[in-house]
Amino acid sequence: MQQAGKGRKLFAEEFERVLVDSDTSVGRLARLSGIPRRTLENWLYGNTLRPRHVETILQVARVLYLPENDTDRLLLAAGHPSLSDLRQGEKPLPAELLRNWQLAPYFSRDNIPAAATPLIGREKELDAISKMLDDPDIRLVTITGLGGIGKTRLAQEIAWQQTAGQFQDGVTYVSLAALESADHLVPAIAQGLRVPTQDAHDPRRRLLAYLSRKRMLLVLDNFEHLLEGVDLINEIRGAARDVKLLFTSREPLNVAGEALFPVGGLTYPEGEQKLPADGGGFGALKLLLYQARLIHPQQGLAAEDMAAIGRICQLVQGMPLAIILAAGWLEILSPREIAGEIGRGLD
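Residues numbered from 1 in each chain as written. Predicted model: local features only at pLDDT ≥ 70, side-chain atom pairs only at ≥ 80, totals over all residues. Heavy atoms only, no water.

### Side note on the overall build of the chain
The helix and strand inventory of the chain stands at 16 helices and 5 strands. Residues classed as buried in the chain amount to 49% of the 347 residues present. Long-range pairs, those at least 24 residues apart, make up 74% of the contacts in the chain between residues at least 6 apart in sequence. (Helix = DSSP H or I, 4+ residues; strand = E, 2+ residues; numbered from the N terminus. Buried < 20%, exposed > 50% of the residue type's maximum accessible area, 1.4 Å probe, protein only. Contact = heavy atoms within 4.5 Å.)

### Considering helix α3 (residues 37–44)
Of the positions making up α3, those classed as buried are Leu40, Trp43 and Leu44. The buried residues of α3 occupy an angular sector of 95 degrees when projected down its axis, which confines them to one face. Looking one or two residues beyond α3, the residue adopting positive phi is Gly46, at roughly 75 degrees. (Arc of directions from axis to C-beta.)

### With respect to the side chain of Arg237
Note that Arg237 resides in helix α12 (residues 230–239). The buried charged residue Arg237 lacks any salt bridge partner; its closest oppositely charged side chain belongs to Glu258, at an N-O distance of 7.9 Å. Of the polar contacts made by the side chain of Arg237, one reaches the side chain of Asn234; its length is 3.1 Å. (Lys, Arg positive; Asp, Glu negative; His and termini not counted. Salt bridge = Lys/Arg side-chain N within 4 Å of Asp/Glu carboxyl O. Polar contact = N/O pair within 3.5 Å; in protein donor to acceptor, adjacent residues only side chain to side chain.)

### A closer look at the nonpolar core
Counting residues in each nonpolar core, the largest one holds 31 residues, and the members touching the most others are Leu176, Leu185, Ile189, Leu211 and Phe223. Of all elements in the fold, only α10 (185–193), α11 (203–211), β3 (216–221), α12 and β4 (243–249) reach the threshold of two or more residues within this core. With 6 residues, α10 is the largest single contributor of residues to this core. Sequence-distant contacts of Leu211, defined by excluding residues within four places in its chain, comprise Leu193, Met216, Ile236, Ala240 and Val243. Listed in part, the 25 residues of the second largest apolar core include Leu19, Ala61, Leu83 and Leu86. (Core = buried A, V, L, I, M, F, W, Y, C linked by side-chain atoms within 4.5 Å.)

### Observations regarding the packing of α10 against α11
It is at 10 Å that the axes of α10 and α11 come closest, and there the two elements cross at 40 degrees. The angle between α10 and α11 places the two elements in the oblique class. The element α10 and its partner α11 pack so that their crossing is left-handed. Residues Val186, Ile189, Ala190 and Leu193 of α10 touch α11, and the partners they reach there are Pro203, Arg204, Leu207, Tyr210 and Leu211. When the residues that make up the contact of α10 with α11 are grouped by side-chain class, the tally is 8 nonpolar, no polar and 1 charged. (Axes fitted to C-alpha atoms, helices over the stretch in contact; angles between N-to-C directions. Parallel < 35°, antiparallel > 145°, perpendicular 65-115°, else oblique. Left-handed = near helix turned anticlockwise from the far one by under 90°. Nonpolar A, V, L, I, M, F, W, Y, C, P; charged D, E, K, R; others polar.)

### Some thoughts on the environment of Thr197
By the element assignment, Thr197 lies in the loop between α10 and α11. The class of Thr197 is buried, set by a relative accessible area of 12%. Taking the C-alpha atoms as reference points, Thr197 and Leu207, separated by 10 residues in sequence, lie 7.8 Å from one another. Apart from the residues within four sequence positions on either side, Thr197 is in contact with Ala190, Pro203 and Arg206.

### So, the sheet that holds strand β2 (residues 171–175)
Judged by pairing direction, the sheet is parallel, and its 5 strands sit side by side in the order β2-β3-β4-β1-β5 without closing on themselves. The sheet is open, and its two edges are formed by β2 and β5 (258–262), each paired on a single side. The average undirected angle you get between the axes of adjacent strands in this sheet is 15 degrees. Examined bridge by bridge, strand β1 (residues 140–144) and β4 share 5 bridges and lie parallel to one another. The residue of β4 that forms the bridge with Val141 is Leu246. (Pairing = 2+ DSSP bridges.)

### Thoughts on the pattern of salt bridges
Under the definition given, this model contains 11 salt bridges. Residues Asp70 and Arg17 are paired through a salt bridge, measuring 3.5 Å at the closest nitrogen-oxygen approach. With Asp70 in helix α5 (residues 68–77) and Arg17 in helix α1 (residues 2–21), this residue pair connects regions lying 53 residues apart in the sequence. On the basis of relative accessible area, Arg17 is assigned to the partly exposed category, the value being 21%. With a shortest N-O distance of 3.0 Å, Arg122 and Glu125 are connected by a salt bridge. The pair formed by Arg122 and Glu125 is uniform in burial state, with each residue classed as buried. Counted as one network, the salt bridges with shared partners bring together Glu14, Arg17, Asp70, Arg73 and Arg213.

### Here we look at the packing of helix α14 (residues 306–315) against helix α16 (residues 335–346)
In contact at an axis separation of 8 Å, α14 and α16 are set at 25 degrees when each is read in the N-to-C sense. It follows that α14 is roughly parallel to α16 by the angle criterion. Our pair here, α14 against α16, has a crossing hand that is left-handed. Within the contact between the two elements, α14 uses Ala308, Ile309, Arg311, Ile312 and Leu315 and α16 uses Pro335, Arg336, Ile338, Ala339, Ile342, Gly343 and Leu346. Each residue belonging to the contact of α14 with α16 can be placed in one class, and the counts come to 9 nonpolar, 1 polar and 2 charged.

Shown next, in the form of structure tokens:
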């Protein structure tokens, strides 16, 4: 009888912890899971020894989006096998019940935009930022630079590269460009993470509780107009020690521990020099030549065009967006004419 009492108490405590961490009431859980409210209340108050059916516990864990370690704690407290043991059991459970935990939850690339073109000329930047994210003493990195310099594209490439790396719960990328104020930060981040907050008593608390159990990289793109929301960022860092944050912003966040990575234009030739037809080691030249091939795949550029191509890159100071726009003019203008137009526009 004493052992039964211990079992009741252990499961009740674990179940209560899950409800508190997920900011979910018994009534709401009953609506989400379809499990009778009286049954859930009996679990919470220790009136039921332990849930007999593993499917019932998995249903609770599934609708609350519990990670595998929290689900295991609930299962073991109820006297059931862990998820790994259930997967290998003689009587396999329905795939629907185990789908949440086939891989680490949300370990996917679905929310990272697929790039339409390759990232050109940013090899050194990619390597440097990756090393910063690998540093255990750095938990927040901000990529800064002018609009059009390529911050977003760089962050997206980092996100793709890091997904299979050190972050066992994956990478989540959230674009903040469309947000009008910092008041929308919590729902935007929660949506990116697929954390339901619509019915939460405190959406902010639920988001922090979710992140506190994660080892992941959270990429927040275009933060410069939401700087008044840095309080939330500090709360995330306080609650989620194993979450690293990567921002893009025209301005620093100016928070303690922020590691800045300023991004400038792509490399381009200085002065007049003979330039190789493949762009050599100049990222700006390579990008312009790549864009030119998209516009004239059969024709390409002549060797005598290289001087004008180099001049274009000099005039825009290697800014990727300006290079892409200039390449668009190749449909109607020669490289020399484009360089002339840009030069006159800067005078």
